[in-house]
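Letter by letter, the chains look like this.
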Amino acid sequence: MNAIVALCHFCELHGPRTLFCTEVLHAPLPQGAGNGDSPGQGEQAEEEEGGIQMSSRIRAHSPAEGASAESSSPGPKKSDMCEGCRSLAAGHPGYISHDKETSIKYVSHQHPNHPQLFSIVRQACVRSLSCEVCPGREGPIFFGDEQHGFVFSHTFFIKDSLARGFQRWYSIIAIMMDRIYLINSWPFLLGKIRGIIDELQGKALKVFEAEQFGCPQRAQRMNTAFTPFLHQRNGNAARSLTSLTSDDNLWACLHTSFAWLLKACGSRLTEKLLEGAPTEDTLVQMEKLADLEEESESWDNSEAEEEEKAPVLPEGAEGRELTKCPTDSSLLSDCGNWQPRKMSVFKSLRHMRQVLGAPSFRMLAWHVLMGNQVIWKSRDADLVQSAFEVLRTMLPVGCVRIIPYSNQYEEAYRCNFLGLSPHVQIPSHVLASEFAVVVEAHSAPRSSLHPAGCEDDQSLSKYEFVVTSGSPVAADRVGPTILNKMEAALTNQNLSVGVVDQCLVCLKEEWMNKVKVLFKFTKVDSRPKEDTQKLLNILGASEEDNVKLLKFWMTGLSKTYKSHLMSTVRSPTASEPRN
């Protein structure tokens, strides 16, 4: 993600200042960013985790070298900076993170080295701490333009016993040129940046309470109310953030958090090039994503109100941390709660067919394609979820309704894939129904499990699967056309699993096109049954199983497609050709 994340501070003497910023470099590192370590001064810390190699390189600078660097730097002069305006010590080259997966480098300095980037960050810093603030002066806000970039800014206060009002004003900003991407990343950035701010405020609050307990400043200031405030502090007009939080490794941890934030925010959203009209599965997925975003916004609003009343706990990070700093366990330095996702038990439809056997798999697949309820009983929830992930590939996205695992039976109108624990009783009318199929995973010795030629899998070695239904599919039954073509692809060993998956996608798209024609013919144009039967003959779907499949798959059409057809029918121009 081409963006810059920066920590800014409003200094009482010098105004808004940039304290620390992390940028993404796709090109070789700039000169002086960490090359050429002097003898005896290697990398202070280097650790590799999750594909990210972290390093903090310290290099000794000669006086002449330091003078030239200061004169060429786009940042403010040393005389214009106080302790509160400075983050890294003089001569510190900054922090570097190497992403081996993408060959991207994350570099942290007090100011960007490029003059144009420095100007953009400087302007965003000034605006975030002056005019572009939300009510209460603490919280998130969005501003920017195409020339200077778009900014996500979150302002906050840090406790300081020596400051005016016992607090200092800071902000964390994220700058990028892509307005749409930044707006779509708002919930993610808000949650993660809010977590970083909570950690900073928590550390500063501990230091503040300890200082107030040792030497209360409020009573001292009241006794010397007529003394000028700046003289009252004996020239200590500003304190560094490391002093306020009592954390010497603060900048290393902030670099870790900012680098992870840039990497995670850049990988969570991807762009896809769509050629031609979008498929029904794509439209349905977009509609579901829009519904989830609306629900998440409502949840965020309700949770924000609750968080104001309750203490905020540090949430677990969504990915593995970039590095670990020797500080307290927190969001800034500890993201080690990540757990790798378990491998799928069923690897593909071909694998499931080998495990269940050809007759049982055909019965199960027939019920799936017809829209009947598939009930899977097992004590292993991961097994059930893996089976549903494989079976759902046979249906359009809009036809899939899954309850992964439940302790009670759910009716068929709520889900067509239902996972149950073994002790759950299924109603007798469901067991005898022709519109349901039950798969039970029983404990069994390994010798009696798989048929010959099945792939060896330790996770399946303790189960024996029994597939039952009130209306078993006869072996000589023709079945729907798509099922026969699907089985032909699965039994063809010359086709790899990837090729079989693409065949299945093509088959689903072919039959979804038939569903669209049938929907417009029957639901929109309201043609008689005789014409509908002629249409089914033309489509090659006049058999009973094919008709049932088309009617079930019709429920998976997207709202966008249906509304488009209905609006076309209602428009005056659509009715003219038929008159």
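So, here's what we can say about the structure. These numbers come from a predicted model, not from an experiment. (Residues numbered from 1 in each chain as written. Predicted model: local features only at pLDDT ≥ 70, side-chain atom pairs only at ≥ 80, totals over all residues. Heavy atoms only, no water.)

## Description of the overall build of the protein
Phase 1 of the analysis: When its secondary structure is counted, the protein shows 19 helices and 14 strands.
Phase 2 of the analysis: Relative to its full complement of 579 residues, the protein shows a buried share of 46%.
Phase 3 of the analysis: Within the protein, contacts between residues separated by at least 24 positions form 70% of all contacts whose residues are at least 6 apart in sequence.
Phase 4 of the analysis: Carbon and sulfur atoms form 53% of the exposed surface of the protein, whose accessible area is close to 30,500 Å². (Helix = DSSP H or I, 4+ residues; strand = E, 2+ residues; numbered from the N terminus. Buried < 20%, exposed > 50% of the residue type's maximum accessible area, 1.4 Å probe, protein only. Contact = heavy atoms within 4.5 Å. Areas by Shrake-Rupley, 256 points an atom, 1.4 Å probe, with all protein chains shown as cover.)

## A few points about a negative patch on the surface
Phase 1 of the analysis: A surface patch of negative charge is lined by Asp-291, Glu-293, Glu-294, Glu-295 and Glu-297.
Phase 2 of the analysis: Take Glu-297: it is sitting in helix H9 (residues 280–309). (Patch = residues over 30% accessible without salt bridge, like charges linked within 9 Å, V, L, I, M, F, W, Y side chains within 5 Å. Salt bridge = Lys/Arg side-chain N within 4 Å of Asp/Glu carboxyl O. Lys, Arg positive; Asp, Glu negative; His and termini not counted. Charge placed at Lys NZ, Arg CZ, Asp CG, Glu CD.)

## Observations regarding empty space enclosed by the protein
Phase 1 of the analysis: The full count for this structure, using the stated rule, is two cavities of 30 Å³ or more.
Phase 2 of the analysis: If you add up the space inside the second largest cavity, you get close to 40 Å³.
Phase 3 of the analysis: Lining the second largest cavity are Ile-120, Gln-123, Ala-124, Arg-127, Phe-143, Gly-144, Asp-145, His-148, Gly-149 and Val-151.
Phase 4 of the analysis: Every element with two or more residues in the lining of the second largest cavity is listed here: helix H2 (115–128), strand S7 (139–145) and strand S8 (149–159).
Phase 5 of the analysis: Among the elements that make up the lining of the second largest cavity, the one with the highest residue count is H2 (four residues).
Phase 6 of the analysis: Its residues assigned to classes, the lining of the second largest cavity shows four nonpolar, four polar and two charged. (1 Å grid on protein atoms, 1.4 Å probe; cavity = no way out; pocket = protein on both sides within 12 Å on 5 of 7 lines; lining within 4 Å. Points joined across faces, edges and corners; volume = space filled by probe spheres on them. Nonpolar A, V, L, I, M, F, W, Y, C, P; charged D, E, K, R; others polar.)

## Section: the packing of helix H10 (residues 349–356) against helix H14 (residues 481–491)
Phase 1 of the analysis: Closest axis-to-axis distance for the H10/H14 pair is 10 Å, and the angle between their directions is 85°. Looking at the two axes, H10 sits roughly perpendicular to H14. Residue-level contacts link Leu-349, Arg-350 and Arg-353 of H10 to Met-486, Glu-487, Ala-489, Leu-490 and Thr-491 of H14. (Axes fitted to C-alpha atoms, helices over the stretch in contact; angles between N-to-C directions. Parallel < 35°, antiparallel > 145°, perpendicular 65-115°, else oblique.)

## Focus on the nonpolar core
Phase 1 of the analysis: The biggest cluster of nonpolar side chains holds 62 residues, and the ones touching the most others in it are Trp-376, Phe-465 and Trp-553.
Phase 2 of the analysis: The element best represented in this core is helix H15 (residues 497–524), accounting for 10 residues.
Phase 3 of the analysis: Two domains each provide a minimum of three residues to this core, namely domain 2 (349–445 + 460–475) and domain 3 (499–569).
Phase 4 of the analysis: With 40 residues, the next largest nonpolar core counts Leu-7, Leu-189, Ile-193 and Trp-251 among its residues. (Core = buried A, V, L, I, M, F, W, Y, C linked by side-chain atoms within 4.5 Å. Domains from an automatic or database assignment.)

## A short note on the side chain of Ser-171
Phase 1 of the analysis: Its location among the elements puts Ser-171 in strand S9 (residues 167–176).
Phase 2 of the analysis: The class for Ser-171 is buried, based on a relative accessible area of 0%.
Phase 3 of the analysis: Contacts of Ser-171, omitting those with residues within four sequence positions, involve Ala-6, Leu-7, Cys-8, Ser-128, Leu-129, Ser-153, His-154, Thr-155 and Phe-156.

## Digging into the packing of H14 against H15
Phase 1 of the analysis: Relative to each other, H14 and H15 sit at 170°, their axes nearing to 10 Å. With respect to their mutual orientation, H14 and H15 come out roughly antiparallel. Residues Thr-481, Ile-482, Lys-485, Met-486, Ala-489 and Leu-490 of H14 touch H15, and the partners they reach there are Val-500, Leu-504, Leu-507, Lys-508, Glu-510 and Trp-511.
Phase 2 of the analysis: Grouping the constituent residues of the contact of H14 with H15 by class yields eight nonpolar, one polar and three charged.

## What to know about the pairing of strand S10 (residues 373–377)
Phase 1 of the analysis: Within S10, five of the five residues are buried, leaving the element largely enclosed by the surrounding structure.
Phase 2 of the analysis: With burial as the criterion, each face of S10 is covered, one bearing Gln-373, Ile-375 and Lys-377 and the other bearing Val-374 and Trp-376.
Phase 3 of the analysis: Inspection of the sheet shows S10 paired to strand S13 (residues 436–443) by five bridges, in the parallel sense. Bridged to Ile-375 within S13 is Val-438.
Phase 4 of the analysis: The sheet contact formed by S10 and strand S12 (residues 417–420) spans four bridges and is parallel. Note on S12: the bridge partner recorded for Lys-377 is Leu-420. (Pairing = 2+ DSSP bridges.)

## Observations concerning the pairing of strand S14 (residues 463–469)
Phase 1 of the analysis: Across the two faces of S14 the burial differs, with Tyr-463, Phe-465, Val-467 and Ser-469 buried and Glu-464, Val-466 and Thr-468 not buried at all.
Phase 2 of the analysis: Inspection of the sheet shows S13 paired to S14 by seven bridges, in the antiparallel sense. Bridging across to S14, Val-437 finds its partner in Ser-469.

## Digging into the sheet that holds S10
Phase 1 of the analysis: An order of S11-S12-S10-S13-S14 is seen for the five strands of this open sheet, with the pairing classed as mixed. Pairing within the sheet leaves two strands with one partner each, and these edge strands are strand S11 (402–406) and S14. Within this sheet the neighbouring strands show an average axis-to-axis angle of 15°, counted without direction.

## Thoughts on the environment of Lys-288
Phase 1 of the analysis: Its place among the elements puts Lys-288 in helix H9.
Phase 2 of the analysis: Taking the relative accessible area as the measure of exposure, Lys-288 reaches 37% and is therefore partly exposed.
Phase 3 of the analysis: A sequence separation of 110 residues divides Lys-288 from Gly-398, and the C-alpha atoms of the two residues are 9.3 Å apart.
Phase 4 of the analysis: With residues up to four places along the chain from it excluded, the contact list for Lys-288 reads Val-397 and Val-400.
Phase 5 of the analysis: A distance of 3.4 Å separates a polar side-chain atom of Lys-288 from the backbone oxygen of Val-397. (Polar contact = N/O pair within 3.5 Å; in protein donor to acceptor, adjacent residues only side chain to side chain.)

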